[in-house]
Amino acid sequence: MRLHGIIFALFAYTAWASAAAAAVVEEPRVFSSHDGVLDLLMIARPTRIDGFDNPNFRPVGWAYEVCARPASGDQCPPGTPAPYGGVRLALQPGDLLRVRLVNALPPVDPASLDHQAEDPLLALNPTNLHTHGLIVDATANKAIPPAT
């Protein structure tokens, strides 16, 4: 009986180790400030999430396409990825972060919303930015002139 337990444990470990080795974790794309400014365009859009073994299971998540803000327009270059895991922003203390956020998410069927009566804007599928590791002084917002 003990031998069966050892064999099962080895089998389970081997299966786990193989699955862990197959899952490659990629570092997020890094956008760094230059001359004290990081100016980005972020477009929220539906994006297929890859990495599932089942070809019939292709979930769609809301992800941000991120690129350096172009001189004109609200489009990133063709082929710009929209990673579901996000990107990393690298700034120095005192740098200015400018973000143009474009919501390209589809509207939601109002009948599917439980809180439609409380907030009719939910049908527009609003979005916001979610960050980790951002240290910001608790001071009032300051008016920042638009990028030229």
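Residues numbered from 1 in each chain as written. Predicted model: local features only at pLDDT ≥ 70, side-chain atom pairs only at ≥ 80, totals over all residues. Heavy atoms only, no water.

Asks: Quick question: what am I supposed to make of the overall build of the protein chain here?
Replies: Of the regular secondary structure elements, the protein chain holds one helix and five strands. Ordering the α and β elements of the protein chain from the N terminus gives α-β-β-β-β-β. The buried share of the protein chain, taken over its 148 residues, is 16%. Expressed as a percentage of contacts within the protein chain between residues at least 6 apart in sequence, the contacts between residues at least 24 apart total 60%. (Helix = DSSP H or I, 4+ residues; strand = E, 2+ residues; numbered from the N terminus. Buried < 20%, exposed > 50% of the residue type's maximum accessible area, 1.4 Å probe, protein only. Contact = heavy atoms within 4.5 Å.)

Asks: How do you make sense of the state of the cysteines when you look at a structure like this?
Replies: Throughout the structure, instances matching the rule amount to one disulfide. Note on cysteine connectivity: Cys-67 is disulfide-linked to Cys-76, with sulfurs 2.2 Å apart. Note on the Cys-67 and Cys-76 pair: the S-S dihedral is about -85 degrees, so by sign convention the disulfide is left-handed. In this structure, Cys-67 and Cys-76 share a single accessibility class: buried. (Disulfide = S-S within 2.5 Å.)

Asks: Even after reading the chapter, I still don't get unusual backbone geometry, so can you show me in this structure?
Replies: Residues other than glycine predominantly adopt negative phi, and peptide bonds predominantly adopt the trans conformation. We note that Asp-35 has phi near 55 degrees; this positive angle belongs to a residue other than glycine. Here Asp-35 shows up in the loop between strand S1 (30-32) and strand S2 (37-48). With phi around 60 degrees, Asn-125 is a residue other than glycine that occupies positive phi space. Counting through the fold element by element, Asn-125 comes out in the segment after strand S5 (96-103). Using a relative accessible area of 9% as the deciding quantity, one classes Asn-125 as buried.

Asks: Would you take a moment to explain the pattern of salt bridges for this structure?
Replies: Working definition: two side chains of opposite charge can pair if their charged atoms are close together. With the rule as written, the count across this model stands at three salt bridges. In this structure, Arg-45 engages Glu-65 in a salt bridge whose closest nitrogen and oxygen atoms are separated by 3.3 Å. Placement of the pair is Arg-45 in strand S2 and Glu-65 in strand S3 (residues 60-68), with a sequence separation of 20 residues. In this structure, the salt-bridge partner of Arg-100 is Asp-74, at a minimum N-O distance of 2.8 Å. (Salt bridge = Lys/Arg side-chain N within 4 Å of Asp/Glu carboxyl O.)

Asks: Would you mind going over the sheet that holds S3 with me for this structure?
Replies: A sheet is described by the order of its strands in space; here three strands give the open sequence S3-S2-S5, paired in mixed fashion. This sheet does not close on itself; its edge strands, each paired only once, are S3 and S5. Pairwise comparison of adjacent strand axes, ignoring direction, gives a mean angle of 25 degrees for this sheet. Pairing geometry for S2 and S5, over eight bridges, is parallel. The partner of Ala-44 across the bridge, within S5, is Asn-103. (Pairing = 2+ DSSP bridges. Axes fitted to C-alpha atoms, helices over the stretch in contact; angles between N-to-C directions.)

Asks: What exactly am I supposed to notice about the environment of Asp-39 here?
Replies: Assignment of secondary structure puts Asp-39 in strand S2. We classify Asp-39 as partly exposed; its relative accessible area is 22%.

Asks: Sorry, what's going on with the environment of Pro-59 here?
Replies: Along the chain, Pro-59 falls in the loop between S2 and S3. Linking Pro-59 and Thr-47, residues twelve residues apart in sequence, is a C-alpha distance of 8.5 Å. Setting aside chain neighbours within four positions, we find Pro-59 in contact with Thr-47, Arg-48, Ile-49 and Phe-52.

Asks: Help me out: how do you make sense of the environment of Gly-61 in this one?
Replies: Topologically, Gly-61 is positioned in strand S3. Gly-61 has contacts with Arg-45, Pro-46, Thr-47, Ile-49 and Tyr-84, leaving out every residue within four places of it along the chain.

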